[in-house]
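# Structural characterization, general
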Amino acid sequence: MSEFKNDAKAMLELLGGKENIVSFTHCATRMRFVLRNQKKADVSKIEELPCVKGSFTQGGQFQIIIGNKVSTFYDEFVEISGIEGVSKAEVKSEAKENLNLLQRLLANLAEIFAPIIPAIIVGGLILGFRNVIGDIALLENGTKTITSVYPFWNGVYNFLWLIGEAIFVFLPVIITYSVCKKLNSDPVLGIVLGITLVSPQLMSSSDFVKAVATGGDIKMWDFGSFQINMVGYQSQVIPAILVGIVFSIFYKFLKKYVPEMISMIVVPFFSLVPAVLLANTVIGPFGRVIGDGLAKIIQIGFDSSFSWIVSGIYGLLYPLMVITGLHHAMLPIDLQAVEAVGGIYTFPVVALNNIAQASAVVAVVILNRKEAKAKEVGVPALISGYLGVTEPAMFGINLKYLYPFVGAMLATGVSGMISRLLGIIANSVGVGGLPAFLSMKAQYMIPFIGVTVICIVLSILFTLILSKTSLNSENKKQMQQSSNVEDTKMVKEPEAFVSPMTGNLYALSEVKDKVFSEGSMGKGIAVDLTEGKVIAPFSGTVGVVFPTGHAYGITADNGRELLIHIGMDTVELGGQGFISHVKQGDRVQQGDLLAEVDIKLVKKKGKSLLSPVVFSDYKEITVLREHGSVQEGENEILIC
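Please read all numbers here as calculations on a predicted model, not as lab measurements. (Residues numbered from 1 in each chain as written. Predicted model: local features only at pLDDT ≥ 70, side-chain atom pairs only at ≥ 80, totals over all residues. Heavy atoms only, no water.)

## Digging into the overall build of the protein chain
Counting its regular elements, the protein chain contains 23 helices and 19 strands. Here the analysis covers contacts within the protein chain between residues at least 6 apart in sequence; of these, 71% occur between residues at least 24 apart. For the protein chain, the accessible area works out to roughly 29600 Å², and carbon and sulfur atoms hold 62% of it. (Helix = DSSP H or I, 4+ residues; strand = E, 2+ residues; numbered from the N terminus. Contact = heavy atoms within 4.5 Å. Areas by Shrake-Rupley, 256 points an atom, 1.4 Å probe, with all protein chains shown as cover.)

## Considerations on helix α20 (residues 445–466)
Compared with an ideal rise of 1.5 Å per residue, which puts 22 residues at 32 Å, α20 spans 31 Å between its outermost C-alpha atoms and is within 8% of the ideal. Burial in α20 covers these residues: M445, F448, V451, T452, C455, L458, S459, I460, T463 and L466. (Expected span 1.5 Å × (residues − 1). Buried < 20%, exposed > 50% of the residue type's maximum accessible area, 1.4 Å probe, protein only.)

## Some remarks on helix α9 (residues 171–182)
Look at α9: 17 Å from first C-alpha to last across 12 residues, which is about the 16 Å you get at 1.5 Å a residue. Where α9 is concerned, the buried positions are L171, P172, V173, I175, T176, S178, V179 and C180. The positive-phi residue at the C-terminal boundary of α9 is N184, with phi of around 60°.

## A look at the pattern of salt bridges
If you walk through the whole model with that rule in mind, you get five salt bridges. Between K144 and E140 there is a salt bridge, with its nearest N and O atoms 3.6 Å apart. Judged by its relative accessible area of 37%, K144 falls in the partly exposed class. Given a relative accessible area of 46%, E140 falls into the partly exposed group. With its nearest N and O atoms 3.8 Å apart, the salt bridge here joins E632 to K533. In this pair, E632 sits in the loop between β18 (628–630) and β19 (638–639) while K533 sits in strand β9 (residues 533–535), placing the two residues 99 residues apart along the sequence. (Salt bridge = Lys/Arg side-chain N within 4 Å of Asp/Glu carboxyl O.)

## Overview of the packing of helix α16 (residues 347–367) against helix α19 (residues 403–421)
Running from amino to carboxyl end, α16 crosses α19 at an angle of 140°, the nearest separation of the two axes being 8 Å. Taken together, the axes of α16 and α19 lie oblique to each other. Handedness of the α16/α19 crossing: right-handed. Only Y403, P404, F405, A408, A411, T412, S415, G416 and S419 of α19 make contact with α16, whose side of the interface consists of P348, V349, L352, N353, A356, Q357, A360, V364 and L367. (Axes fitted to C-alpha atoms, helices over the stretch in contact; angles between N-to-C directions. Parallel < 35°, antiparallel > 145°, perpendicular 65-115°, else oblique. Left-handed = near helix turned anticlockwise from the far one by under 90°.)

## Let's talk about the sheet that holds β18
If you walk across this open sheet you meet the eight strands as β14-β10-β11-β12-β16-β8-β7-β18, and the pairing is antiparallel. The open sheet terminates on both sides in strands that have one partner only, identified here as β14 (587–588) and β18. For strand β12 (residues 561–565) and strand β16 (residues 610–615), the ladder comprises three bridges, and the chain directions are antiparallel. When the bridges of β16 are listed, L563 appears paired with V614. (Pairing = 2+ DSSP bridges.)

## A short note on the nonpolar core
Counting 82 residues, the largest nonpolar core has F113, I175, F247, Y314, L335, F347 and M440 as its most contacted members. In this structure, A536, A556, L609 and I621 belong to the second largest nonpolar core, which totals 33 residues. (Core = buried A, V, L, I, M, F, W, Y, C linked by side-chain atoms within 4.5 Å.)

## Examining the packing of aromatic side chains
In this structure the tally under the stated criterion is 18 aromatic pairs. Between F24 and F77 the ring centres are 5.1 Å apart and the planes differ by 85°, which places this aromatic pair in the edge-to-face class. Note that F24 is positioned in strand β1 (residues 21–26) and F77 in helix α3 (residues 70–81), a separation of 53 residues in sequence. Judged by relative accessible area, F77 falls into the buried class, the value being 0%. On the basis of an interplanar angle of 65° and a centroid distance of 6.2 Å, the ring pair of F129 and W153 is categorised as edge-to-face. (Phe/Tyr/Trp six-rings, centres within 6.5 Å; stacked < 30°, edge-to-face > 60°.)

## Here's the deal with the environment of S307
Looking at the secondary structure, you find S307 in helix α14 (residues 307–324). For S307 and G423, which are 116 residues apart along the polypeptide, the C-alpha to C-alpha distance reads 9.3 Å. The residues contacting S307, other than those within four sequence positions of it, are G301, F302 and R420.

## Points about the sheet that holds strand β3 (residues 54–58)
Within a beta sheet, neighbouring strands are joined by backbone hydrogen bonds and run either parallel or antiparallel to one another. Read across the open sheet, the four strands follow the order β1-β2-β4-β3; overall the sheet is antiparallel. Of all strands in the sheet, those with a lone pairing partner are β1 and β3, marking the two edges. Strand-to-strand twist in this sheet, taken as the mean axis angle between neighbours without regard to direction, amounts to 20°. By the bridge criterion, four bridges tie strand β2 (residues 30–35) to strand β4 (residues 61–65) in an arrangement that is antiparallel. Directly across from F33, in β4, lies its bridge partner F62. Most of the contacts of α3 go to β1, to which it runs at about 150°, and overall it touches β1 and β2.

## Let's talk about the pairing of β12
Counted residue by residue, β12 has four buried out of five residues, so it is predominantly covered. Bridge count between strand β11 (residues 551–556) and β12: five bridges; the pairing is antiparallel. By the bridge assignment for β12, T555 is matched with E561. Linking β11 to β12, which pair antiparallel, is a turn of four residues; within it G559 sits at a positive phi near 95°.

## What to know about unusual backbone geometry
Its identity is not glycine, yet E140 carries a phi of approximately 50°, on the positive side. Residue position: E140 is located in the loop between α6 (117–134) and α7 (146–149).

Quick look at the structure:
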C-alpha cells in the first residue's frame, strides 16, 4: 500500500469531496486548496490525520501542513481524487475570488515581494557580516576593527559590498521586474525601466539634497522651455512599485489594441518612454514623498518619548497582522526606511516575534513530552521557527491551541519594549529567527542577543502559565465536564472507574478504526500502551474473552458494559504477544490482572497499541480528560 493512500482518501472526504475542490497545488511543506465552500472542510478531523502537522486559511487558500514529504502526498492525492493539480499561480488566482478588496491588495503586494525576499535576506546578512569585521572594534583592546588589522578581511569587506550594492542600491530594478511579471506585462522591459531609475548618470538622493541645501549644481535635462532634475531613485521602493504599475497599464493597453504586425515595435516604445518620463516628473517624486513620509511616521513613533510603548504594542499586535496578511504592507515601508532614515525600527520586533512563536512551541512540547505526536509535529516546527520560518509553529500549533499563541504575543510585546529601550535598530530586513542579530547595526548586536534570550525565556514561561488557564481548550473542556460531573453526582453516586492501562490518553475520535472513532461502539477513551499490563477498571463479571486475548468485555455490578480492545488489527496476530489471566464468566475485582501484552512483539509485527476502552451505554458516561499520560489504576479519567 502507498505511504499516504489512506490519508489522501480520508482528506478528500473531509474536504467535502471532489466536488468541493476548485483547485489545488503544493509548495515546500504544504498542500494548498481552493474550496468552493470552506465550511464543508472538517478541519478538526483533517488535523487528526497522521500525516497532517496543522492547517490554516490564508489568502483565500486552505493550507494543510504535511512536511518534507508533501510532494509524495500530492502525487497520491492526485491519483486518489482523479483531479489534476495546477500551478501555484493558478491556485492563487482562483483563491482571490474568496478575498475582499483589501485582502486582494495585500495578496498582490505579497506576490510582488515574495520573489525578492531571499535577495533582501542575503543582503541583510552581508551587511551584518560587514558590520562585524569592519565596524566593531574587536581587536587590540577594543581599539581596532578586523579590517584595519588584516588586509585579507579588508578585501572581503570591500568585495561583499559588490553584492550588497546590487541588492540595495539597485533594488528598484528587482522591484520593477517583479511588478511587471506579476501584472503579466514584459518583465525584461521592467528591468530596463528599473535601470532608468538607478542609472549612474543620475544624481543620488543624498547628493541632490546636499546640492539644494548648499546651493550646489543640480544635474538637469534641459528641454529649452522646461527642465527635469536628473535625480535617481536608488534604494527607493514605493516609486519603483508605482512606476512598474503605470508601465504595465500602458503595456497591456497597447498590447490589446495595436495590430500584431507592428506590436513588437510600437508596444515597447510607447509604453516604456512615457513611463520613464512620468517616473522622472510625477510618479517618482510623488512616490518618494509617500515612501519617505510613511517611513518617517514609523520613525516618529519609535523615536518618541513613548517609543518603548509603541514598540511593545507593535510586538503585541504583529502576530495578528501576520494572520490577516497586513504584515505584507510593512515590507515596502521597512525597505524605504533604510534609505529615508538609515535603518529599520520594526525588524528587531519582527525577529523577536518569530523567536517567541518558536519558543512557545518549545513549551508545548515540554507539556506534551510523553506524546509522540507532539514531538513529531513540534520539534520540526520550533527548529524552522528559530531559523525564521514560523508558519508551521504559528499556524500548525500555536493558533490551534491558542494559549501558546497568546504566550508568544505577550513575550514579543515585552521584549519589543526592552528592545526599544535599548535603542536597537536593524540595518535591513534579514532572517527573522536566531540569526537576526546579524541584521542589527553593529553596536546593537550584543544587546539584541540579550533581548533574544529574554524573549525565549518569557515565551516559554508565559505559555506554561497560560496552559493552566481556560485559554487551554483542554482545561476549559475539563472544567465544563467537571461541572457536568457535579450535576451527575447530585442525581446518583457514580460507579468508581480506574484506567485499565498505563500509556498516553487519546480521544476515541483519534482512533483510526471508524467503528470506534465515529462512536458506533459507544463512548469512552483510548490508551496508547507503554506498559504491558491490563487490569479490571471496576468490579464485575467477565462477559467476553476473545480467543486471541486481544479483547475483553466486562459487565459492572451496576449493569454497565465495557469493551477493552487492546491495539488495532491485533486480531491478525492470532494470539501472539497476549496472555489472558481470566476466562469468560470469571468474577473480577477492581485492579485484578486481565491480560499481559508483549509490547515489543506487537510493535515488531507492525500493529498499533492504541487501545479503545468503550462503554456501550454511552449516554450516561462523562469523559473527564482525553489527553496526557495515564497510569493504570488512575481514577480521574471518566465517570460511568
